[in-house]
Amino acid sequence: MASTTASSPGRAPRPPLNTVLPPLLLGTATFNTQYVANPHAMPYRDIVARAIALGVTGFDTSPYYGPSELLLGEALHALMNPTPTPSNPNPTPLQRSDFFLVTKAGRIAATEFDYSPSWIRYSVLRSLQRLHVPYLDLVYTHDCEFVTPGEVLAAVKELRRLRDEEGVVRYVGISGFPVNVLCDLAEMIYKETGEPLDAVLSYGHLTVQNRRLGLPFVEGGGKGQADVEGSPLVRLKKAGVDVVLNASMLGMGLLTSKGIPVTDDTGSPLAKWHPSPPELRLACMKLAELAAAAGERLESVSLRWSLAEWARVAAEAGVGVDFTSPGSSEGRKIGVAVCGVSSTPELEETVAEWRGAVSSLGQEEDGSNDKYGPARQKKVLSLVREQLWPALGSWLDYAWDSPGEGFVNTRKDSNRGVVPDDGVIAAYEKAKRSRQSR
Ligand SMILES: NC(=O)c1ccc[n+]([C@@H]2O[C@H](COP(=O)([O-])OP(=O)(O)OC[C@H]3O[C@@H](n4cnc5c(N)ncnc54)[C@H](OP(=O)(O)O)[C@@H]3O)[C@@H](O)[C@H]2O)c1
């Protein structure tokens, strides 16, 4: 087991993840050219500072997200080392324990994966350097459906070794797209190692378009006993998974007023790589029209539906986290969401919808006109159920194949486990020796 001494930088305490993971995390896949034209020019420092100010203390990144780790690391480092100004000569520095940092390992490029223990170790040590931290709170194997179960097992074991022997990782999980593969792998890892995963991150599977992660528990999802037994959340819970996280509530930009253009000559970075077929993109544009006709924006409706349903469903399934609303002494469990934004107004809107969703949990409509209150939530849930789902027709609960047909891992066998001699490991070993000699 990992040590529970907090004094050495890499040995932070390890209570169950569901008691320490924040209920809303800011994802930073958006700090990359896949989402924005120039991530270096986006207000990433302001977004991260605003997140902390709003109480969003969890951050999700990956070495696969271009400069994301570097930009997030720079933003966090600036908050941890604030510059005094005439109006604030003694700014309070952010402490490492004030935020929960999540990254991933194993995905190098769109078609390049290396889950070998030596690459996983190198990747984790590089993340520490890029993020300017002595330890990572949670590390996932990134997009594990692209490699074999044996490779995932080896990578998870290495992450656990980095946790137990080197103290640079606190919790270990897997991330990916097809929920049945996530369930299979969680079951296999539990069976093979006797230890369940701390976390599973699923994305794009609890949205107004694709409800598969939460079926049959989502509102209107039907509930036969057979459906319940084989459902993803019941399987993950039985495999001992402590927390399941729901990411990409807007389907990676699919469920917004702008949507994803069907041609890639529009300047939209998403149009070039988004895995949705053109017919699905068009079907989602129809949803934007329906939302507008109801006086709403598709992004607000989609965020609210996912946040509200996931907060409830994950808690019912036993894969949520502790949460106490500000000003209340009574705690409860809620599902954890991972949002993605490219501006501070988007972050503020997401947080407002999240606060509305969690404060409306179990609340009856109160007759108030609060833009984010229970009455609005009721309106959103019925708009989704009565108009958006029928309009989607056969696209409701559709999930594209991942990996797509003909996928080949372009990392050559002979290169797997080969790590660059770029000073990352040497710097880590030197710092470790210096800590040990103290
Ligand atoms: N395999 C994995 O491990 C995996 C996969 C997916 C996601 N994730 C994590 O989960 C995070 C969330 O996923 P995501 O980034 O794909 O989130 P998402 O919510 O599906 O999409 C984010 C995009 O939606 C738009 N948006 C967000 N809030 C908005 C608002 N209030 N109004 C209008 N548009 C809004 C923005 O696009 P515009 O720039 O066009 O405004 C933003 O870039 C990721 O950043 C990543 O950290 C992990």
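Scroll up a little and you will see the structure.
None of these values were measured; they are calculated from a predicted model.

S.K.: Got a sec to walk through the overall build of the chain? Specific residues and values, please.
M.R.: Across its full length, the chain carries 13 helices and 12 strands. The C-alpha radius of gyration computed for the chain amounts to 21 Å, which stays within 12% of the reference 22 Å derived for 438 residues, consistent with globular compactness. Across its three principal axes, the chain shows a C-alpha extent of roughly 65 × 60 × 45 Å. Within the span of the chain, comprising 438 residues, buried residues form 56% of the whole. Accessible area for the chain stands at about 18,300 Å²; split by element, carbon and sulfur atoms hold 52% of it.

S.K.: Explain the side chain of Glu353 to me, and be specific about the residues and the numbers.
M.R.: When you line up the elements, Glu353 lands in helix α11 (residues 344–360). With residues up to four places along the chain from it excluded, the contact list for Glu353 reads Ser300, Arg304, Leu307, Tyr372 and Arg376.

S.K.: Would you mind going over the site of the ligand in detail, with residue names and values included?
M.R.: Among the 30 residues in the neighbourhood of the ligand, the closest are listed as Asp60, Asp143, Lys258, Ser342 and Glu346. Ala29 places a main-chain nitrogen or oxygen 3.0 Å from an oxygen atom of the ligand. Take Gly251: an N or O atom from its main chain is 3.3 Å from an oxygen atom of the ligand. A total of 900 Å² of accessible area belongs to the ligand in isolation, and the protein chains cover 94% of it. Elements represented by at least two residues in the shell around the ligand include exactly β8 (199–203), α10 (298–317), β12 (336–340) and α11.

S.K.: Go over the packing of aromatic side chains, please, and point to the residues and values.
M.R.: Taken as a whole, this structure holds 13 aromatic pairs when the rule is applied. With a centroid separation of 5.9 Å and 85 degrees between ring planes, the pair formed by Phe113 and Phe407 is classed as edge-to-face. Within this pair, whereas Phe113 is found in strand β5 (residues 112–113), its partner Phe407 is found in the loop between α12 (374–392) and α13 (424–437), the two being separated by 294 residues in sequence. By relative accessible area, Phe113 is classed as buried at 1%.

S.K.: How would you explain the sheet that holds strand β6 (residues 136–141) if you had to name every residue and give the values?
M.R.: If you walk around this closed barrel you meet the eight strands as β1-β2-β3-β6-β7-β8-β9-β12, and the pairing is parallel. Pairs of neighbouring strands in the sheet enclose a mean axial angle of 25 degrees, with direction left out of account. Where strand β2 (residues 58–60) meets strand β3 (residues 100–105), three bridges bridge the pair, whose relative direction is parallel. When the bridges of β3 are listed, Phe59 appears paired with Leu101. In the packing of helix α4 (residues 149–166) onto the sheet, contacts are made with β6 and β7 (169–176), and the angle to β7 comes to roughly 160 degrees.

S.K.: I'd like to hear about unusual backbone geometry, residue by residue, with values.
M.R.: Here Leu215 and Pro216 are connected by a cis peptide whose omega angle stands at 5 degrees. Structurally, Pro216 can be placed in the loop between β8 and α6 (225–229). The peptide bond linking Ser402 to Pro403 adopts the cis configuration, its omega dihedral lying at 0 degrees. Along the chain, Pro403 falls in the loop between α12 and α13. The phi dihedral of Met252 is positive, around 55 degrees, even though this residue is not glycine. Checked against the element boundaries, Met252 lands in the loop between β9 (243–247) and α8 (269–273). Using a relative accessible area of 11% as the deciding quantity, one classes Met252 as buried.

What counts and what doesn't
- Per chain, residue numbering runs from 1 following the sequence as it is written.
- It should be noted that, the model being predicted, local features are given only for residues of pLDDT at least 70 and side-chain atom pairs only at 80 or more, the latter also being counted only at that level, while totals for whole chains, interfaces and linings use all residues.
- Just so you know, side-chain values use all the structure's heavy atoms and leave hydrogens and water out.
- We count a stretch as a helix when DSSP gives it H or I for four or more residues in a row; a strand needs E for two or more, and each element gets its number in order from the N terminus.
- Radius of gyration means the value over C-alpha atoms here, while the globule rule gives 2.2 Å times the residue count to the 0.38 power.
- The rule is simple: take the accessible area with a 1.4 Å probe, protein chains only, and divide by the maximum for that residue type; under 20% is buried, over 50% is exposed, in between is partly exposed.
- With residues, only the protein chains shown are counted as cover, and all accessible areas are computed by Shrake-Rupley using a 1.4 Å probe.
- Residue contacts follow a heavy-atom distance rule, with two residues in contact if any of their heavy atoms lie within 4.5 Å.
- We call a residue near a molecule or strand as soon as one heavy atom of that residue lies within 4 Å of the molecule or strand.
- Two N or O atoms count as a polar contact when they lie within 3.5 Å, although within protein this holds only if one can serve as hydrogen donor and the other as acceptor, and sequence-adjacent residues are included solely when both atoms are side-chain atoms.
- Each aromatic pair joins two rings of Phe, Tyr and Trp (for Trp, the six-membered one) with centres within 6.5 Å, and gets the label stacked for planes under 30 degrees apart, edge-to-face for over 60, and tilted for any other angle.
- DSSP calls a pair of strands paired once it identifies at least 2 bridges connecting them.
- Every axis corresponds to a line fitted to the C-alpha atoms, with the helix fit spanning only the stretch in contact, and the corresponding angles, defined between N-to-C directions, vary from 0 to 180 degrees.

So, to be careful, I would describe these as geometric facts and stop short of saying anything about function.
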